[in-house]
Amino acid sequence: MANKFLWRTNQLLSIIPEEYDGALIISEINGKYFTGFNCDNGYFIVTRKGCVYVTDSRYTEAAGKAIDWCEVVEYSGPEMKETFGGISQKYGIRTLLVESDRMTLTQCRMMSEVLAPTVLADEGGLDKLIESLRVHKDSDEIVCMKAAQNIAEQTLTHLYGMIKEGVSEADLAFEFEFYARRLGAERLAFDSIVASGENGSMPHAVPGQRKIRNGDFITFDVGCVVGGYHSDMTRTVAYGSVSDEQRRIYDIVLRAQQNAMDYLFAGGEELAECDAAARDLIKAEGYGEYFGHGTGHGVGLEIHEFPSVSYRGGKIPVNSVITVEPGIYLPGQFGVRIEDMLYKTETGAVDLASLDRELLILG
Ligand SMILES: [Mn+2]
């Protein structure tokens, strides 16, 4: 395990422009990526002459065990300047890149002060460099994401059995969390979306007291976390009867999702074309204006990460995990979204989901 994190850290050093001595990583998420250690007060100083992980007494022992391949230093508030200044001297650090997208101005000012004479540089694009590493998932990361996905699928299948007249969205959302946690989810990937009937037209509706009724479509957008890695899946199911319009819309969304997935399976490499594979079909059916969001996004240590599957384009990175999640939302009536995660390989893609997508009519 240790070697993997050292390898990632060396990868980062190899892409940091020569004029900088290294990077200061203080975000919890990037800290976890490079060290494997979860900590809300860790300062990972990466330099070409060596790395130091600085934290406070609450975490020193655990950090020392988890990060046995680099120096772990404890600091306390009053001696912060001595500790960090000493590291700056010891490693002769002139400049460090910082995570401009993830650091507050207050943190930046404080770290500049304690690390002096080291200069913190926010113009070096460190966030983009890290993103370019994180986007390529290794087999351990895929194992975690599949495990998270499996728990979400088992849990959603369990929820299908609970759906009946009078059960509220909030009841279903609560049961999702309870059941998924019992199956081993560390936590949920995000607040579950359970949107029934007319609430389904709001893509990110918050589950409320609305009770399930005959004729409802119910959209579940759910995910779990295993080993720090997220899963993301959406299913729309019907309860009781289904109108012809509901059937037609469901079928359009299902075919749009399949089109975008087929593009990936066939080895498609363009984000914009993947987006268009879903969007053009929905447009051709006359519902283009009811599909307002992008077709998908990267998933990993965070629920939404690079890249975005949208008109903005770019290549689909090999070994990335992206979602394909088209939807049609008819205000005041209902909505349909179907979402799955796919793993992009050299020659095609692997579907990380196995839960059925055909229209399911419960009750
Ligand atoms: Mn998603």
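Cut-off values and rules
Each chain carries its own residue numbering, running from 1 in the written order of its sequence. For this predicted model, a pLDDT threshold of at least 70 governs which residues receive local features, and a threshold of 80 or more governs which side-chain atom pairs are given and counted, while totals over whole chains, interfaces and linings are taken from all residues. Strands qualify as paired when DSSP identifies two bridges or more between them. Only runs of H or I of at least four residues qualify as helices and only runs of E of at least two qualify as strands under DSSP, and these elements are numbered from the N terminus. Simply put, an axis is a line fit to the C-alpha atoms, just over the touching stretch for a helix, and the angle between two N-to-C directions goes from 0 to 180 degrees. Contacts here follow a simple rule: the backbone-placed C-beta atoms of the two residues must lie within 7 Å. Here a helix's expected span is defined as the number of its residues, less one, multiplied by 1.5 Å. Partly exposed residues are those whose C-beta has more than 12 but fewer than 20 other C-beta atoms within 10 Å; 20 or more makes a residue buried and 12 or fewer makes it exposed, with C-beta atoms placed from the backbone. Picture the helix axis, draw a direction to every C-beta atom, and the arc is the one those directions span. Per the annotation, domain bounds derive from an automatic or database assignment of domains.

## A word on the sheet that holds strand β1 (residues 22-25)
Move 1: Overall, mixed pairing links the 6 strands, which are arranged β4-β3-β2-β1-β5-β6 in an open sheet. Unpaired on one side and paired on the other, β4 (71-74) and β6 (119-121) mark the two borders of the sheet. With direction set aside, neighbouring strand axes in the sheet form an average angle of 25°.
Move 2: Helix-sheet contacts for helix α4 (residues 80-90) involve β2 (43-47), β3 (50-55) and β4, and the interaxial angle to β3 is about 175°.

## Overview of helix α9 (residues 244-265)
Move 1: An ideal rise of 1.5 Å per residue puts 32 Å on 22 residues; α9 measures up with 31 Å between its terminal C-alpha atoms.
Move 2: For α9, the complete set of buried residues consists of Gln246, Ile249, Tyr250, Ile252, Val253, Ala256, Gln257, Ala260, Met261, Tyr263 and Leu264. Summarising the axial view, the buried residues of α9 lie within an arc of 160°, below the 170-degree limit, and thus occupy one face. Opposite its buried face, α9 presents the exposed residues Asp244 and Arg248, each directed more than 90 degrees away.
Move 3: A positive phi of about 95° marks Gly267, the residue just after α9.

## Things to note about unusual backbone geometry
Move 1: Between Ala116 and Pro117 the backbone carries a cis peptide bond, its omega angle lying at 10°.
Move 2: Inspection of the secondary structure puts Pro117 in the loop between α5 (105-115) and β6.
Move 3: In this structure, Pro307 follows Phe306 across a cis peptide bond, with omega equal to 0°.
Move 4: Position of Pro307 relative to the elements: it lies in strand β14 (residues 305-309).
Move 5: One non-glycine residue, Asn319, lies in the positive phi region at around 70°.
Move 6: Here Asn319 lies in the loop between β14 and β15 (321-324).

## A short note on the domain arrangement of the chain
Move 1: Each domain of the chain was delimited in the assignment, giving domain 1 (2-134) and domain 2 (139-362).
Move 2: Between the C-alpha centres of domain 1 and domain 2 there is a distance of 36 Å.
Move 3: For the side of domain 1 that touches domain 2, the secondary-structure elements that each account for two or more residues are α2 (28-35) and α6 (126-134).
Move 4: Element by element, the count of residues in the side of domain 1 that touches domain 2 is highest for α2, at 3 residues.

## Focus on the pairing of strand β9 (residues 217-222)
Move 1: Burial analysis of β9 places 6 of its 6 residues in the buried class, which makes it a mostly covered element.
Move 2: Alternating positions in β9 separate into two faces, Phe217, Thr219 and Asp221 on one and Ile218, Phe220 and Val222 on the other, with burial throughout.
Move 3: Relative to β9, strand β8 (residues 193-196) runs antiparallel, the two sharing 4 bridges. Paired with Ala195 across the two strands is Thr219, which belongs to β9.
Move 4: In the sheet, β9 pairs with strand β12 (residues 233-239) via 6 bridges, with the strands oriented antiparallel. Residue pairing across strands places Val222 opposite Met233, the latter belonging to β12.

## Some details on the environment of Lys315
Move 1: Note on placement: Lys315 falls in the loop between β14 and β15.
Move 2: Taking the C-beta count within 10 Å as the criterion, Lys315 has 11 such neighbours and is therefore assigned exposed.
Move 3: Along the sequence, Lys315 and Glu269 sit 46 residues apart, while their C-alpha atoms lie 5.5 Å from each other.
Move 4: Those residues in contact with Lys315 that lie beyond four places of it in its chain are Glu269 and Glu270.

## Examining the sheet that holds strand β7 (residues 187-188)
Move 1: Taken together, the 3 strands give an open sheet; going across it, the order is β7-β10-β11, and neighbouring strands pair in antiparallel fashion. Each edge of the open sheet carries a strand with a single partner, namely β7 and β11 (229-230).
Move 2: Sheet strands touched by helix α7 (residues 139-160): β10 (224-226) and β11. Its angle to β10, the strand with the most contacts, is close to 140°.

## Quick word on the environment of Ala121
Move 1: Position of Ala121 relative to the elements: it lies in strand β6.
Move 2: With 20 C-beta atoms packed within 10 Å, Ala121 lands in the buried category.
Move 3: Placed 110 residues apart in sequence, Ala121 and Gln11 show a C-alpha to C-alpha distance of 20 Å.
Move 4: Apart from the residues lying within four places of it in its own chain, the contact partners of Ala121 are Tyr20, Thr95, Leu96, Leu97 and Val98.

## A few points about the pairing of strand β5 (residues 95-98)
Move 1: Pairing between β1 and β5: 3 bridges, direction parallel. Opposite Gly22, over in β5, you have Leu96 as the bridge partner.
Move 2: By the bridge criterion, 3 bridges tie β5 to β6 in an arrangement that is parallel. Looking across to β6, one finds that Leu96 is bridged to Leu120.

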